[in-house]
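Structural characterization, general
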Amino acid sequence: MSTPSAREPHENGDGGLGGLLTREVKVVAAGASVLADALGEQAVPVETVDWRPPAGPAGYTGLAEDLAVVMGDRRRAAADATAVGRLLGARPHLVDVRPAHEVLDLEPGSFLHAGPPLTWERASGPMRGALIGAAIFEGLAETPEDAELLLRTAPLEPCHHHGTVGPMAGVVSPSMWMFVVEDAENGGTAYCSLNEGLGKVLRYGAYGPEVIERLRWMAGSLGPVLREAVRAHGPVDLRAIMAQALHMGDELHNRNRAATSLFVRELAGDLAEAGGVEALRFAAGNDHFFLNLAMAAGKVSADAARDVPGSSLVVAMARNGTDFGIQVSGTGDRWFTGPAGVPDGLYLGSYGPGDANPDIGDSTITETTGVGGFAMAAAPAIVRFIGGEVPDALAATQRMYEITLAEHPAFQVPILDFRGTPVGIDVTKVVRTGLLPVVNTGIAGRVAGTGQVGAGLVSPPAEVFTQALHALAEQATIAS
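Residues numbered from 1 in each chain as written. Predicted model: local features only at pLDDT ≥ 70, side-chain atom pairs only at ≥ 80, totals over all residues. Heavy atoms only, no water.

Pairing within the open sheet is mixed, and its 5 strands lie in the order 6-8-7-3-9. Among the strands making up the open sheet, the edge pair consists of strand 6 (164-165) and strand 9 (236-237). (Pairing = 2+ DSSP bridges. Helix = DSSP H or I, 4+ residues; strand = E, 2+ residues; numbered from the N terminus.)

In structure tokens, the structure reads:
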């Protein structure tokens with residue numbers, strides 16, 4: 001008996017092979033251009049896809065072998081499930097606001113910075129500017145020249161090595177005040193400095209008198225009154241604020257207007273009772289005030305997923321203005337680094353691409369934990385700040401599902417039928433697909449003291465993922 005699937009090709013009327021030989025051929029080519037070039041010479045239309053295998057470290061030729069070893073690691077499925085489960089289950093709460101020297105044991109003359117480890121000699125303009133400003137703020141130098149002499153030998157360490165994150169240059173000195181965020185589910189603690197606002201601010205490398213004066217007000221007034229208000233209020237549920245803000249048009253990296261409004265409303269009564277009218281005005285007038293809280297929430301959530309042997313989950317992405325680095329759950333505190341790229345975006349005033357510094361900041365902890373660039377579909381208005389069109393924002397989020405292990409149960413995107421944001425970057429998925437995480441970010445001026453010059457999109461260098469893959473393969477071989 002003949003069925004539709006068993007009929008001879010000619011009985012379908014398509015000439016065989018589903019019509020491949022009788023209908024107009026449509027060709028999509030990826031990778032090497034040999035096929036596309038040959039068809040083009042025969043006047044055959046070809047749609048080309050800009051894709052190439054990720055580059056590995058110099059002299060590295062074992063990508064396929066490493067991928068096979070890691071994919072075949074018998075520990076991997078359970079390890080990734082454990083790691084991403086901890087990340088998704090984290091419940092970050094703001095519990096206190098305290099000086100850095102109290103919570104981080106920072107000694108006078110020591111400084112933390114964003115991104116992977118860095119020396120003064122390799123520091124970019126905005127990183128040097130922020131360190132100079134911090135030294136003047138601490139009273140260790142009176143002039144930028146004196147500060148430079150001091151900083152050439154001063155201890156510099158990554159924020160991430162102290163359970164801390166900082167936006168842009170991310171410089172933290174002992175007298176700065178920190179948000180203290182605890183994970184009510186997994187028990188970890190993370191810290192982030194207070195947000196200064198936009199324009200001429202330390203985190204973008206500015207260190208003029210107005211920057212130092214604002215830092216002193218934040219240390220003398222803003223920090224203490226925030227501490228009093230938070231202690232009077234009790235733990236503030238940051239995950240609940242972030243989930244609601246995504247429904248209100250934020251993506252929680254470059255757009256924090258709704259989250260800031262929700263946070264100010266939550267704490268307004270306690271701030272008023274603490275005599276914090278000036279602090280209330282400052283926070284309410286700074287649309288990015290919540291960014292630092294979102295970063296601390298991301299840090300404590302990602303740290304819960306660390307140190308699971310065999311897991312290829314990315315637990316940190318960070319930049320210091322020179323290098324872009326990642327850390328992976330299964331490889332401990334080891335950094336995998338490559339050159340930081342320059343964001344592509346919109347510029348303020350007369351600034352242009354020639355004024356831009358390479359990518360900088362720990363704020364990529366937002367993308368690491370499923371918001372920021374990964375949640376741009378929730379924030380179509382973000383394109384007015386970073387460039388592009390609304391469909392680009394939707395497409396960016398949808399691409400990230402290809403390289404992640406899960407969808408966030410609390411962070412949802414209304415326009416995608418309340419689908420959870422893509423979360424849990426998997427090294428093997430990045431290497432297999434060639435898709436890189438999308439990051440939206442501010443752009444710092446490359447000259448120390450300039451401040452912000454724009455905002456845009458950037459991606460990590462592909463080699464950091466192939467480096468991580470190679471390390472995972474070495475560990476899997478030892479464990480087998």
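Here we take up the packing of aromatic side chains. Two aromatic rings are characterised by how far apart their centres lie and by the angle between their planes. Counted by the stated rule, this structure contains 5 aromatic pairs. When the centroid spacing of 5.1 Å and the interplanar angle of 65° are considered together, the rings of Trp217 and Phe282 count as edge-to-face. One end of the pair, Trp217, is in helix 7 (residues 209-233); the other, Phe282, is in helix 10 (residues 277-284), and 65 residues separate them in sequence. Taken individually, Trp217 and Phe282 each receive the classification buried, so the pair is uniform in this respect. Aromatic pair Phe282 and Phe289: ring centres 6.3 Å apart, planes at 90°, arrangement edge-to-face. (Phe/Tyr/Trp six-rings, centres within 6.5 Å; stacked < 30°, edge-to-face > 60°. Buried < 20%, exposed > 50% of the residue type's maximum accessible area, 1.4 Å probe, protein only.)

A few words on the sheet that holds strand 17 (residues 439-444). Within a beta sheet, neighbouring strands are joined by backbone hydrogen bonds and run either parallel or antiparallel to one another. One open sheet accounts for 3 strands, arranged 13-18-17; its pairing is antiparallel. Only two strands of the sheet have a single neighbouring strand rather than two, namely strand 13 (344-347) and strand 17. Averaged over neighbouring strand pairs, the angle between their axes works out to 25° when direction is ignored. Sheet topology places strand 13 next to strand 18 (residues 452-458); 4 bridges connect them, and they run antiparallel. Bridge pairing in strand 18 places Asp344 opposite Leu457. (Axes fitted to C-alpha atoms, helices over the stretch in contact; angles between N-to-C directions.)

On to the pairing of strand 16 (residues 419-425). Along strand 16, 6 of the 7 residues are buried, which leaves the element largely enclosed by surrounding structure. As paired elements, strand 15 (residues 404-413) and strand 16 share 5 bridges and run antiparallel to each other. Residue Thr404 lies in a different strand from strand 16, and its bridge partner there is Ile425. Joining the antiparallel neighbours strand 15 and strand 16 is a turn of 5 residues, in which Asp417 adopts a positive phi near 55°.

Look at helix 8 (residues 238-247) against helix 9 (residues 257-273): their axes get within 8 Å of each other, and the N-to-C directions meet at 135°. Our classification of the angle between helix 8 and helix 9 gives oblique. Where helix 8 crosses over helix 9, the two elements pack in a sense that is right-handed. Contact residues: helix 8 offers Ile241, Gln244 and Ala245, while helix 9 offers Ala258, Ala259, Leu262 and Phe263. Within the contact of helix 8 with helix 9, the residues separate by chemical class into 6 nonpolar, 1 polar and no charged. (Parallel < 35°, antiparallel > 145°, perpendicular 65-115°, else oblique. Left-handed = near helix turned anticlockwise from the far one by under 90°. Contact = heavy atoms within 4.5 Å. Nonpolar A, V, L, I, M, F, W, Y, C, P; charged D, E, K, R; others polar.)

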